[in-house]
Amino acid sequence: MKVLGWITFSLLALFILLLVLIRLPSVQHKITQRAVTFLKDKIGTEVRLERAFISFPKQIVLEGLYVEDQSEDTLVYIGELVVDADLWALTQHTLSVNKISLQDFTGNISRTTSDSAFNFSYIINAFNSDSLAESSPTDTTSKPWSFKIEDIVLQKISILYDDRLTGNFVEATIGELSLPVREFEPSKSIYTAGKIKIENVHAVIEQRKAPDINQQYADSTFALPNIEFEEIDLRN
């Protein structure tokens, strides 16, 4: 009993020490720099992150995240991303997010007429190469993941989507979006929200060539998702 007690106490003390260390600015700065270096080496383009802060077990904060594409243009910039999540729920195969707050976001997605790959595809390929090399048989007996998201708040969002292969062009800015989520079940395509507030929205949407609808859905089945909401308050 004494040995068991000492082992339990040592593990608990180590866990508490890790929680204390991970909250220190110097430790979090080192973790941030290691993560940035790893990502830069992995994808081969410029990555910068001003600050990352983890308030275990609740909040994850990223500030000043910049990712460049292979043409040395801005792929993604995030002024501030705050994720208030229940990290303990991950042990139960549940992704539980109380709130996602995103401010000062810029995203640029594009592809050319000569290439079917988007400008972010190289990132997916960089990580897929490892997963394919180290692939193992899928465990069909494992517990499936469930998702829970409560509130999404977006401020100062700018998105550019330029798909020259299909002729779709979208340039949009959102001043503020508040989205209280009531039900979020991607596996069943069910999405339910409360009162949605949207302010200061400007969008340019162009269809630059007629899509081949027959070819697009020739070998696929298409079903609309079940989307419900209580009210939309749209201003400006």
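Residues numbered from 1 in each chain as written. Predicted model: local features only at pLDDT ≥ 70, side-chain atom pairs only at ≥ 80, totals over all residues. Heavy atoms only, no water.

Enquirer: I keep staring at the pairing of strand β6 (residues 168-185) and nothing clicks. Help me out?
Expert: In summary, the side chains of a regular strand alternate between the two faces of the sheet. Strand direction decides the pairing type here: strand β5 (residues 146-163) and β6, joined by 12 bridges, are antiparallel. For isoleucine 159, the partnering residue across the bridge sits in β6 and is alanine 172. Adjacent in sequence and paired antiparallel, β5 and β6 are bridged by 4 residues, among which glycine 167 carries a positive phi angle near 80°. Bridge analysis of β6 against strand β7 (residues 190-207) gives 14 bridges, and the strand direction is antiparallel. (Pairing = 2+ DSSP bridges. Helix = DSSP H or I, 4+ residues; strand = E, 2+ residues; numbered from the N terminus.)

Enquirer: What is the right way to look at the layout of surface pockets in this model?
Expert: The computed volume of the largest pocket comes to approximately 420 Å³. Leu39, Leu49, Leu62, Leu65 and Val67 are the residues nearest the centre of the largest pocket, which is lined by 24 residues in total. For the lining of the largest pocket, the secondary structure elements donating two or more residues are α2 (25-43), β1 (47-55), β2 (59-68), β3 (74-85) and β4 (94-111). In terms of residue count, α2 provides more of the lining of the largest pocket than any other element does, 6 residues in total. For the lining of the largest pocket, the residue count by class is 20 nonpolar, 4 polar and no charged. When its volume is computed, the second largest pocket comes out at roughly 270 Å³. Asp69, Ser71, Ser110, Phe118 and Asn119 are the residues nearest the centre of the second largest pocket, which is lined by 17 residues in total. Looking at the lining of the second largest pocket, the elements that each hand over two or more residues are β4, α3 (121-133) and β5. Residue composition of the lining of the second largest pocket, grouped by class: 5 nonpolar, 8 polar and 4 charged. (1 Å grid on protein atoms, 1.4 Å probe; cavity = no way out; pocket = protein on both sides within 12 Å on 5 of 7 lines; lining within 4 Å. Points joined across faces, edges and corners; volume = space filled by probe spheres on them. Nonpolar A, V, L, I, M, F, W, Y, C, P; charged D, E, K, R; others polar.)

Enquirer: Mind showing me how you'd approach the pairing of β2 here?
Expert: Examined bridge by bridge, β2 and β3 share 9 bridges and lie antiparallel to one another. Following the sheet pairing, leucine 65 is matched in β3 by isoleucine 78. The hairpin turn running from β2 into β3, its antiparallel successor, is 5 residues long, and glutamate 72 in that turn takes a positive phi close to 65°.

Enquirer: Can you walk me through unusual backbone geometry in this structure?
Expert: Of all residues except glycine, most have a negative phi; of all peptide bonds, most are trans. Even without being a glycine, aspartate 104 presents a positive backbone phi close to 55°. Since its relative accessible area comes to 35%, aspartate 104 is described here as partly exposed. (Buried < 20%, exposed > 50% of the residue type's maximum accessible area, 1.4 Å probe, protein only.)

Enquirer: Help me understand the side chain of arginine 111 in this model?
Expert: Its place among the elements puts arginine 111 in strand β4. A polar contact of 2.8 Å, which involves the side chain of arginine 111, links it to the backbone oxygen of serine 116. Once you skip the residues sitting within four places of it in the chain, arginine 111 turns out to touch Ser116, Ala117, Phe118, Asp162, Asp163, Arg164, Leu165 and Thr166. (Polar contact = N/O pair within 3.5 Å; in protein donor to acceptor, adjacent residues only side chain to side chain. Contact = heavy atoms within 4.5 Å.)

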